[in-house]
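Descriptive structure summary
Below, each chain spelled out in residue letters.
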Amino acid sequence: MSLISAAALLPKTQPKKGVAAGFSLFELLAAICLVGIFSSIAFGWYGGNNRNVIEQVINQRNAQEIVSLGVYATMGGADFVVPGDKQATVVKLTGGVTGQQGMWKDKLFSLANLRAEDLPGALTFVNFESGLLLYDPAGQQL
């Protein structure tokens, strides 16, 4: 039976003097890649869960813009209301209408930044009663 001494387990070569112990460039790049992969997975998961909430907030803000511009256009005497048709009224307002009275005379009211594909989502938060556009934060149709 042979005995193994502790000295036999030590490495035969000693580190060179002046060489700092640390990570190689390859090890650092591998660690950075792993952090990037894990963070992209985490961001994708986080963004995917909140997508519906973000779309709802965007639709609510668009509805608020529609209603506020509709109020100003109504106060300015602009002719844009299509009786009984909320969507046609908003489309007319999107195209632009001109004020006819008061301080809004000859002023253009337009939702130029609102795209046609944004209207269906925003209209769920807009009620149409007696020719007035009203904001409904819950998105319930009356």
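Preceding this paragraph is the structure being described.
Residues numbered from 1 in each chain as written. Predicted model: local features only at pLDDT ≥ 70, side-chain atom pairs only at ≥ 80, totals over all residues. Heavy atoms only, no water.

Before going further, it helps to spend a moment on the side chain of K86. Tracing the backbone shows K86 in helix α3 (residues 86–95). Among the polar contacts made by the side chain of K86, one reaches the main-chain carbonyl oxygen of V126 at a distance of 2.7 Å. (Helix = DSSP H or I, 4+ residues; strand = E, 2+ residues; numbered from the N terminus. Polar contact = N/O pair within 3.5 Å; in protein donor to acceptor, adjacent residues only side chain to side chain.)

Now for α3. In an α-helix, one turn spans 3.6 residues; hence positions three or four apart end up facing the same way. Taken together, the buried positions of α3 are K86, T89, V90, L93 and T94. All buried residues of α3 project into a common sector of 140 degrees when viewed along the axis, lining one side. The backbone nitrogen of Q87 lies 3.4 Å from a side-chain oxygen of the residue at the head of α3, namely D85. Directly beyond the C-terminal end of α3, a positive phi value near 110 degrees is found at G96. (Buried < 20%, exposed > 50% of the residue type's maximum accessible area, 1.4 Å probe, protein only. Arc of directions from axis to C-beta.)

Take the pairing of strand β3 (residues 126–129) next. Sheet topology places β3 next to strand β4 (residues 132–135); four bridges connect them, and they run antiparallel. Across the sheet, residue N127 finds its bridge partner in β4, namely L134. Linking β3 back to β4 in an antiparallel pair, the connection comprises two residues, with S130 at a positive phi of about 50 degrees. (Pairing = 2+ DSSP bridges.)

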